[in-house]
Amino acid sequence: MFYYSVKSGTKALNAIVIGIAASIISLLLLFSGWTEGIEAKTWDWRVKLFAKPGIATERIAVILLDQNSLDWASKENAWPWPWPRVAYGAILEFLNRGGASAAALDVLFTEPSSYGPDDDQALVAGCKTLGKVAGAAGLGTEGNTSVWPEKAKNPEIKITGSKTSELVEKLTKKFATFPHPDVAEGFKIIANVDQNPDSDGIYRRVEPIKFFGGKPMPLLGFSAFIASLDNEAEIKAEGNKLKILNHKIPIDKDGKTILRFRGKSGTHKIYSAAAIIRSEIQIRNGEKPQLDPAVFKDKFIFFGFSAKGLFDNKPVPVSEAYPGVEVNATFLDNLLSGDFIKGTPRIYDVCFILLMILTCSFTLTFFKSPVKSLLLAMIFAAIPGGLCLVSYEAGYWTQFVIPEIAVIITVTLSLVVNFATEGVHKQFIKNAFQQYLNPAVIEQILQNPDKLKLGGVKRELSIFFSDVQGFTTISESLDPEALTALLNDYLSAMTDIIHEEGGTVDKYEGDAIIAFWNAPLDVPDHAYRAVKAALRCQTRLAELRPVYKQRTGKDLYMRVGLNTGFAVVGNMGSKDRFDYTMLGDSVNLAARLEGVNKEFGTYTMVSAETMKQAGDSFGFRELGRVAVVGKKEAVVIYEPMEKPEFEEKSKTVETFLKGLDYYYSGDFDSAISIFSGIKSIDPPASKYISKCGELKESGMSSDGWTGVWVMTSK
């Protein structure tokens, strides 16, 4: 227990130190912002992977002034760029014919038309015909005005809530570029089209609302929705969101929201500006239009540019060249679908990172198998990615890079520490158990140290005691070198068998071997294994007996006592020097049974409990009831045999058991008569004849006789 308490404590300390180190590094990276660029790229990958239409995607359409429209206008109408504003008026009238919900023009009409005032009025007329048109203005550090123009009449937008003053302070711009007054009067709302990309130039976030001249100026995509309303727009700014009617817009500390892109350009149905104008002209001429206005029924329409020369293509997660107007269309899509992406709170990121680090460090530090540790490390490394993918579907941008780095750091430190410390631990185990266990068992312990319980534990064991008959006399006839060689050869042969049967050698005492089964590793069939080992040892010794006789001049015989029962087993001794050994009455009984063999003329003897648990793979001959030295209660003892030998001796065993019954009943004369029939071939029968004679001479009668053979010596 001492070793494991120290080892477990050390591993826990290692895990804590690893966790602290990995946490410090990971949190420094998190708060420094060094990985934000990489994180943004992983976000773009998620967006591309999961981009798909939303429930409101079909309610939004885009009219693009593309290169084909520029070519058509130049060829058919001789319109140079910029187009006359009558073209935009025609588009708006066509949308009105179709019953569009609202329109948003991503065009800055900052100067009067070069075609004259009537051209401006054609645009204003188109705006007033539809009635729900959002015009564009730019907000920034410079512009054509620092006050709200008189003719730019925005609808009343009421902003309430605890977040309002913070947003006004943070998002108010001092300058703006407004539409020319002759055009501005036609728009129902003036919208902001000025947005800034992330630090890497990619547009992932937008500010739903900014302020100028004390008035709110919503984003063009937001303004399209507001323009469609018949009543006053009321925006509530509370906590981390804006709310208008039943729609919610999550915002971060900077007032920005993360867009959920639906796909590449064209996910929202795109129409060519030339096709719209041509269709309007055809209707005015009484002809069948190329395009039916009804396709815009109840839809929100955005007008913008995609021709390369007009410089309105922007890099977004799903495309390197994405028409800017489609960014606004995406915002409105998210608003109507109610699925903006929300950023996770920083406290969540910190808690998740720390949880991953601690779980990973403690798990890997206490995990022993290199293969399983590597597999577990791969699982931990996959968790941040898996969580990010699940979170995206749920509408959250969770951090991927920092948690992944945290896992990599933790895994690396854990494996390094394990590699550095496990060698020491494994060497300790090898040194402590190489004298007890065979190499295969030691390897099992090294792979599964949890099965090794050092210190005193109580468990059921099958216990083996053996001794060589007359070894003292043999040793006196040999010189030290010959004696040592003989002993080593004998002990090695017997120990190999014990190890092969899964046993643990406790110790050697001269020629005596003490061993046990079912510790430190579990051996479910320990009684069977112990009996099998004892019989194999006897067989092997019989094979070696002629060789040993040539070396000693005498035959070597081994007596074995086996008992199964509970004992305390573990490392016992001082903290610096100890033995893995066992203590208890069950151990003492096994030792006594080894000596009892001398009284019965046998060489292998087992207790009743060992016989019971060993099963029916062997034959067992009951030898008698004995009371060993130091124990008052009698135990029944048996001689085990391999099945073929038992069957061969079946008649002798049957005769012996008849005599034993007479002995138990106190009829010593009858017992002697029965035993006499087999005494020449069965040593136990011969021993019982002598015992019965002694009992008769002592005057023992059947009255009060228990049939117990009381041992007077060990």
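Owing to the predicted nature of the structure, the values given are computational and were not obtained by experimental measurement.

### Describing the environment of phenylalanine 187
Right, so step 1: As for its position among the elements, phenylalanine 187 is in the loop between helix 7 (181-184) and strand 7 (189-192).
Right, so step 2: Not counting residues up to four positions away in its chain, the partners in contact with phenylalanine 187 are Leu105, Phe109, Cys127, Val133, Ala134, Gly135, Lys153 and Pro179.

### Observations concerning the packing of aromatic side chains
Any two aromatic rings considered together are summarised by their centre-to-centre distance and by the angle between their planes.
Right, so step 1: Following the criterion strictly, the structure yields 34 aromatic pairs and no others.
Right, so step 2: Between the aromatic rings of tryptophan 72 and tryptophan 79, the centroid separation amounts to 6.3 Å while the plane-to-plane angle is 90°, which identifies the pairing as edge-to-face. Of the two residues, tryptophan 72 and tryptophan 79, neither departs from the other in class, the shared state being buried.
Right, so step 3: Judged by centre distance (5.7 Å) and plane angle (65°), the rings of phenylalanine 656 and tyrosine 688 are edge-to-face. Here phenylalanine 656, found in helix 21 (residues 650-665), pairs with tyrosine 688, found in helix 23 (residues 683-697); they are 32 residues apart in sequence, far enough to count as distant.

### With respect to the confidence of the model for the chain
Right, so step 1: Chain-level statistics for the chain give a pLDDT mean of 89 and a share of 92% at 70 or above.
Right, so step 2: Low pLDDT (under 50) marks residues 1-6, which in the prediction has 12 contacts with non-local residues, meaning those over four places away or in another chain.

### Some details on the layout of surface pockets
Right, so step 1: When its volume is computed, the largest pocket comes out at roughly 1200 Å³.
Right, so step 2: Lining of the largest pocket is provided by 43 residues; of these, Arg205, Asp252, Ile258, Gly343 and Thr344 occupy positions nearest its centre.
Right, so step 3: When residues of the lining of the largest pocket are traced back to their parent elements, those giving at least two are helix 1 (2-32), helix 2 (36-50), strand 13 (247-250), strand 14 (257-258), strand 19 (342-343), helix 11 (346-366) and strand 20 (396-397).
Right, so step 4: The element contributing the most residues to the lining of the largest pocket is helix 2, with four residues.
Right, so step 5: For the lining of the largest pocket, the class distribution of residues is 15 nonpolar, 11 polar and 17 charged.

### Quick notes on the pairing of strand 12 (residues 241-244)
Right, so step 1: Burial along strand 12 is one-sided: the residues Leu242 and Ile244 are buried and none of Lys241 and Lys243 is.
Right, so step 2: By the bridge criterion, four bridges tie strand 11 (residues 233-238) to strand 12 in an arrangement that is antiparallel. Note that in strand 12 the partner of glutamate 238 across the bridge is lysine 241.
Right, so step 3: As consecutive antiparallel partners, strand 11 and strand 12 are separated by two residues, and within that stretch glycine 239 has a phi angle of approximately 60°, a positive value.
Right, so step 4: The loop that links strand 12 with its antiparallel partner strand 13 comprises two residues; one of these, leucine 245, has a positive phi angle of about 55°.

### Quick word on empty space enclosed by the protein
Right, so step 1: The full count for this structure, using the stated rule, is one cavity of 30 Å³ or more.
Right, so step 2: Considering the residues around the largest cavity, the lining is formed by Ile63, Ile91, Leu92, Leu95, Ala103, Ala104, Leu105, Ile301, Phe302 and Phe303.
Right, so step 3: Elements with a contribution of two residues or more to the lining of the largest cavity: helix 4 (86-98), strand 2 (102-105) and strand 16 (300-305).
Right, so step 4: Looking at the lining of the largest cavity residue by residue, the class counts come to 10 nonpolar, no polar and no charged.

The rules behind each value
Residues numbered from 1 in each chain as written. Predicted model: local features only at pLDDT ≥ 70, side-chain atom pairs only at ≥ 80, totals over all residues. Heavy atoms only, no water. Helix = DSSP H or I, 4+ residues; strand = E, 2+ residues; numbered from the N terminus. Contact = heavy atoms within 4.5 Å. Phe/Tyr/Trp six-rings, centres within 6.5 Å; stacked < 30°, edge-to-face > 60°. Buried < 20%, exposed > 50% of the residue type's maximum accessible area, 1.4 Å probe, protein only. pLDDT = per-residue confidence, 0-100. 1 Å grid on protein atoms, 1.4 Å probe; cavity = no way out; pocket = protein on both sides within 12 Å on 5 of 7 lines; lining within 4 Å. Points joined across faces, edges and corners; volume = space filled by probe spheres on them. Nonpolar A, V, L, I, M, F, W, Y, C, P; charged D, E, K, R; others polar. Pairing = 2+ DSSP bridges.

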